[in-house]
Amino acid sequence: MKKYLALLLAVIMVFGALAGCSSPKETDPTPAPDTDNEVITPPETDEMDASGLKLGFILGSREHAFYVAIEDGIKAAAADLGFEAVVLESNLDGAVASERIETLVVDGCDAISLSVNDPTGSTPAIEAADTEGVPMFAFDCTSSETDVIKSFVGTDNYEGGVVGGEAVIKYLEDNDLTDGAVIGIIGYPEPQSCIDREDGWFSVVNEYKDEYNLTIVNLGNYKGDASTAESLMNDALIQYPDMAAIFTVGDPACVGALAAIKAAGAKTVMIGFDANPEAHEAILDPENGKIWIADVAQDPYQIGYSIAEQMVQYCLKNTVDATTILISPYLVDASNAEVK
Amino acid sequence: MEKIEGTMKVGIGKKIGAFSKKNAIVIVLVLLSVGFSIGNSAFLKPSNLINLTTQMAINAMLTIGITYVIILGGIDISIGSVAALAGVVTALACRALPAGVSLVTMVIVQLGVGISVGAGFGAFNGLMVTKFKVVPMIATLASLTIARGLCYIFSGGTSVSGLTSIYSWLGSARLFKTEAKPTGWLPIITIVVIIFVIIMHILLSKTVFGRHVYATGSNRNVAHLSGINTQKIIFLCYMICGAMAAVGGVLNSSKLQNGQPGAAESYEMFAIASTVMGGTSLLGGSGSVARAILGCAVVAIINNGMNLMHIDSYWQKVVLGVIILLAVVMDMMQKQKSN
Amino acid sequence: MKPTLQAINISKTFPGVKALTDVTVDFYSGEVHALLGENGAGKSTLIKILSGVYTPSEGQVLLDGREVKFTSPYDAISKKIAVIHQELSIAPDLTVAENIFLGSEPKKGKFLDRALMNEVSQGILDGMGVGKSIKATDVARNLTAAQQQMAEIAKVINREARVVIMDEPTSSLSEFEIASLFTQIRKLRDDQVTIIYISHRMAEIFEVCDRATVLMDGRLVRTQMVKDSSEAELVASMVGREIGDYYNRQQHTRGEEKVRVEGLTRKKEFKDISFSAYAGEILGIYGLIGAGRTETMETIFGARAQDSGKVFVHGKQVNFKSPKDAIAQGIGMVTEDRRLTGLMLGKSVKDNIVLPSIPFHKKKFGFANKLWEGQAAEEMKEKLTIKTPSIETIIGNLSGGNQQKAILGKWLIADSDILILDEPTRGIDVNAKSEFYTLMNDFVAKGGCIIMISSEMTEIIGISDRILVMHEGNLKGELTGADINEQSIIKLANA
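Residues numbered from 1 in each chain as written. Chains lettered and ligands numbered in written order. Predicted model: local features only at pLDDT ≥ 70, side-chain atom pairs only at ≥ 80, totals over all residues. Heavy atoms only, no water.

Draft legend 1. Representation of the overall build of chain A within the structure. Regarding its fold elements, chain A presents 10 helices and 12 strands. Among the 340 residues that make up chain A, the fraction classed as buried is 54%. Approximately 14,500 Å² of chain A is accessible, and the part contributed by carbon and sulfur atoms is 50%. (Helix = DSSP H or I, 4+ residues; strand = E, 2+ residues; numbered from the N terminus. Buried < 20%, exposed > 50% of the residue type's maximum accessible area, 1.4 Å probe, protein only. Areas by Shrake-Rupley, 256 points an atom, 1.4 Å probe, with all protein chains shown as cover.)

Draft legend 2. Structural detail: the overall build of chain B. Assigned secondary structure in chain B consists of 15 helices and 2 strands. On C-alpha atoms alone, chain B measures out to a radius of gyration of 21 Å, which is about the 20 Å that the 2.2 N^0.38 rule sets for 339 residues. By the burial criterion, 57% of the 339 residues in chain B qualify as buried. By sequence separation, contacts in chain B at least 24 residues apart represent 77% of the contacts at least 6 residues apart. Carbon and sulfur atoms form 72% of the exposed surface of chain B, whose accessible area is close to 13,500 Å². (Rg over C-alpha atoms; globule rule 2.2 N^0.38 Å. Contact = heavy atoms within 4.5 Å.)

Draft legend 3. Structural detail: the domain arrangement of chain A. Residues and elements named next belong to chain A. For chain A, the domain assignment lists domain 1 (50-154 + 300-329) and domain 2 (157-298). A separation of 31 Å is found between the C-alpha centroids of domain 1 and domain 2. Counting residues at the interface gives 7 residues for domain 1 and 10 residues for domain 2. Seen at the junction of domain 1 and domain 2, the total is 0 salt bridges. Listed by contribution, the elements that provide at least two residues to the side of domain 1 that touches domain 2 are α2 (65-81) and α10 (300-317). For the side of domain 1 that touches domain 2, the per-class residue count stands at 5 nonpolar, 1 polar and 1 charged. (Domains from an automatic or database assignment. Salt bridge = Lys/Arg side-chain N within 4 Å of Asp/Glu carboxyl O. Nonpolar A, V, L, I, M, F, W, Y, C, P; charged D, E, K, R; others polar.)

Draft legend 4. Quick peek at the pairing of strand β10 (residues 194-198) of chain C. All names here are of chain C. In terms of burial, β10 is a largely internal element, 5 of the 5 residues being buried. Alternating positions in β10 separate into two faces, Thr194, Ile196 and Ile198 on one and Ile195 and Tyr197 on the other, with burial throughout. Taken together, the 4 bridges between strand β3 (residues 32-36) and β10 define a ladder with parallel strand orientation. Within β10, the position partnered with leucine 35 by the bridge is isoleucine 198. Looking at chain direction, strand β9 (residues 163-167) and β10 are connected through 5 bridges and run parallel. By the bridge assignment for β10, valine 163 is matched with threonine 194. (Pairing = 2+ DSSP bridges.)

Draft legend 5. Layout of the interface of chain A and chain B. Across the contact, 42 residues belong to chain A and 49 residues belong to chain B. In total, chain A and chain B occlude about 3,900 Å² of area from one another, counting both sides; carbon and sulfur atoms represent 61% of this. Viewed at the interface, chain B and chain A are joined by 3 salt bridges. In this structure, arginine 62 of chain A engages aspartate 312 of chain B in a salt bridge whose closest nitrogen and oxygen atoms are separated by 3.0 Å. Between chain A and chain B we count 11 residue pairs in polar contact (both at pLDDT 80 or more) in total. Among the elements that make up the side of chain A that touches chain B, the one with the highest residue count is helix α1 (residues 2-22) of chain A (11 residues). A class-by-class count of the residues in the side of chain A that touches chain B yields 20 nonpolar, 8 polar and 14 charged. (Buried area = accessible area lost by both parts, 1.4 Å probe. Polar contact = N/O pair within 3.5 Å; in protein donor to acceptor, adjacent residues only side chain to side chain.)

Draft legend 6. Examining the pattern of salt bridges more closely. For the coordinates displayed, the defined rule picks out 33 salt bridges over all chains. Of the charged contacts in the structure, one is a salt bridge between arginine 266 of chain C and glutamate 269 of chain C, with a shortest N-O distance of 2.6 Å. Here glutamate 269 of chain C falls in the partly exposed class, since its relative accessible area comes to 23%. Ionic pairing is found between arginine 466 of chain C and glutamate 281 of chain C, a salt bridge with its closest N-O pair at 2.6 Å. Of this pair, arginine 466 of chain C sits in strand β21 (residues 466-471) while glutamate 281 of chain C is found in strand β15 (residues 281-287), placing the two residues 185 residues apart along the sequence. Taking relative accessible area as the criterion, arginine 466 of chain C reaches 4% and is therefore assigned buried. Note on glutamate 281 of chain C: relative accessible area 3%, which makes it buried. One continuous salt-bridge network, built from bridges that share partners, spans Arg62, Glu71 and Lys75 of chain A together with Asp312 of chain B.

Draft legend 7. Focus on the interface of chain B and chain C. Between chain B and chain C, the residue contacts involve 21 residues of the former and 28 residues of the latter. Summing both partners gives a buried area of about 1,900 Å² for chain B against chain C, and 64% of it is carried by carbon and sulfur. Considering only the surface of chain B that becomes buried against chain C, Val208, Arg211 and Leu225 of chain B emerge as the three largest contributors, covering 31% of it. Remark: the boundary between chain B and chain C carries 1 salt bridge. Where arginine 211 of chain B meets glutamate 373 of chain C, a salt bridge forms, and the shortest distance between an N and an O atom there is 3.0 Å. Taken together, the connections running from chain B to chain C amount to 7 residue pairs in polar contact (both at pLDDT 80 or more). Looking at the side of chain B that touches chain C element by element, the count peaks at 6 residues for helix α10 (residues 208-218) of chain B. A per-class count over the side of chain B that touches chain C returns 8 nonpolar, 11 polar and 2 charged.

Right, here's the structure in full:
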């Protein structure tokens, strides 16, 4: 029996330790002023006092640098505005996202936002939470199947694809590859955001297809996994050894494809998406920069900060700036890349 | 009279003692619940407890099935994929139904189609293991990838959506709506899972078939020489396993109101962990559906409770692993002692 | 002469049990020293202490007069004390030479010196006189049980062991293989090796051992010269009382024909076997390993498919597809290997006893009759005096004798009237054997039919009403009444 107690104690201690080291930041113990909607709120949004609010956030996955940057933005907003942030992840799984929503409702969050990576899967849970009186928000990607989402902050992914497409065309034009070049795309046609990027990219390159006699190759679905992307690129280079340029819908695909291109000694260049730190590093690298020439940058930090602002504003003043707030993507190349 | 009372009391005390000794999992469960309710009082809110039952529903169905196969001394790692396939096929079938079908018809079609798909795949596994003597791990590994491939083929690579709202009745409707709880208190999915748990628990613990499952898992030679058709028992257990996984998959797709080809990926690992935590021996021959479900409850409570305690999700993965190990170690220690 | 190995005032206590109390034994070089006692008498505890598996709670182990403290079997091995276990510990996929050198492989530079290994091993095998049938390069899996045992002895010789402990070395050998084992034992003795020999078979003790130490309930009863004692005397001191006629020989009356086999054949195993077995008799089947006895019986039981021939049970021709069909016709089979094919070791006594009968007692909708299961198991426990704390006890925790009774009980509950027993008393102690024979006699007296396979000559002569002898898949002959004796059996079995 003693052994038992010891083991059980160990379980408790594990919990104690974890709860201790990860509990949210101590909020200011002084009671917040009554935060009725009527309370005198200064006109500037950045002076809102949100202490006393508890806001829930569900990231797609904390294993992706992109979502980690969003989390940074959320935490910065929490520090500036004083609310308590509860951040969970859904493993990009609609069923898990639904569970997390339920949990945050029970936890007493004043508002919840999530990246709706699986719109059909999480919509019932989003609507249920709304029915229970918890306002719902979305960031990064949203659900078109429900109208209860108060506000969505995200990247204009379609526009990002357009930026990527234009970058590919510009590369072809700058390098006299305007007749019969082969270009390709590595996609991930499961999350809506990646589908939009792909669509945006095709909208540009299809326009130039006849004019420049382009061969446009879809290399396949890399499923968010770098090594899958590497095999896709390998296979493609066997068929098209002189492929001029590719666009990928996510940086992990570039990481994998880079390895394949280097191994094959091909002259293919790549334009990625997300502009994660590894993209910046590669673009500035004298070797890799010859292949990975540019990247479409989102501003995840800003997305995180903005959605938090909108949630606070809704809770305090019952308004949002807009139901859709799109943060525009921009192109990162050797001229503006930076290593932190 | 007094004496009798005294001994009776001792008897009950001993019984509780003996029960908790045999079922280390109960202690883990109670302890976790106490710990989490101290960590966040919301844990014990009725609505959270109800959420727990819905959150463990899919894993519970997978666990029921794999408990049969593990008691048999086998393993089935295809259940996650089979669940997804059942979800996709059921969604496709139900989308093809004429508009305005009744709820009853819908539920019959959902369960009928789902169970057929699952039992079919289970039968395939059973056939590979019994007739072609393929090692269960390999046979079901093959099924795992085949089923997952079929998921994407049938669904065309994207979710099967556009389903009517009654499609989601099984997975997300709740009874007893009140003002405080406009979505309702009693989830249909919980009732469905409880019904399956009871039936499958009784089938294993009270019937001749169940006895034969244990015997086959304990020592296949002895079972065969004692007049048991072990091949048939093995075949049926894989079929049951597939069917239960498929019910899980149908419930999942109903909950999400679409059929996702990527659903339930690697859920088999949680099902295996749950049943092992519930005392099912990977060597075969012992285990129980009811106790395996307690294992499921531990997994669900850990997930839910850690989120409520705002434990960093990176650490959650570590803790889940540690608790699975602790539960199994406690169980092993108990078994060694009783021997 | 000074003793090589001495156990001085050894006691060993396990939680709740005192396994050995104040035991003192001397072992000399050049002697074969029998260690006798019933199961639970403390023999295995003593040899585990001598070979470093356990450390004694009290007392000392002396080697050449100096105290040694073994903390692991490795310590004992390095002092040249070797154990040959009942269950052979040979690695089946290695060659004989690799097994002989396991753990002490010779190297040439960084690589295994295979040539040297094979040469030395073959030398040892030749020295033992078995070099013709066992080659150093043979894979162990392809050897017979007896040949594997020879390889183990070669391993012991190669390690130049001074003390060799043999734990029931003959349990899986036939009479003739035992003879060649004894030759090796005598050779080792002549080379001044100390041999500690454990066996339940009294005849072997008298054949090969010089001195015998008897233990009972963890205490030393006596150590004496074997040639100054008698079987009855030794057995009496093992069980603590006179045991009388060990086989409990009884006159049976033969009844109707129960089983008739005509020309049964299974390619490569046995051919053209024809015999009958009757109610009210014990039919003994004798033969060497590889004679096809077990295979024949398993075929009759439906566990193997026959190639040709006919089987009649209760006068009707049958064609069993599986044991299930045979059980339905009232046949039960107690297999050769309790652990592999006889018992669900991790299950309770009750679960084991009722197993074949569960379907016969099912209730509506396929529910099992739990009440009946408990009653039936309880009844068998009483009737067969199975010594177990309760019917819920895990059967793996019972002694071999009680396990064997439970297996018998399982067929009695299933209402079998034809029992096939394959080496039913292997590895169980004298007292339990005697009880088991009584149960067999009772079964036959009530009109049951027993077909018993046994490799133990004294047993098969002692209990059978009639004996069939098999050799290399052929039925060589039948012995009844006064013809049943050792000479005639050996003659048939060797023909």
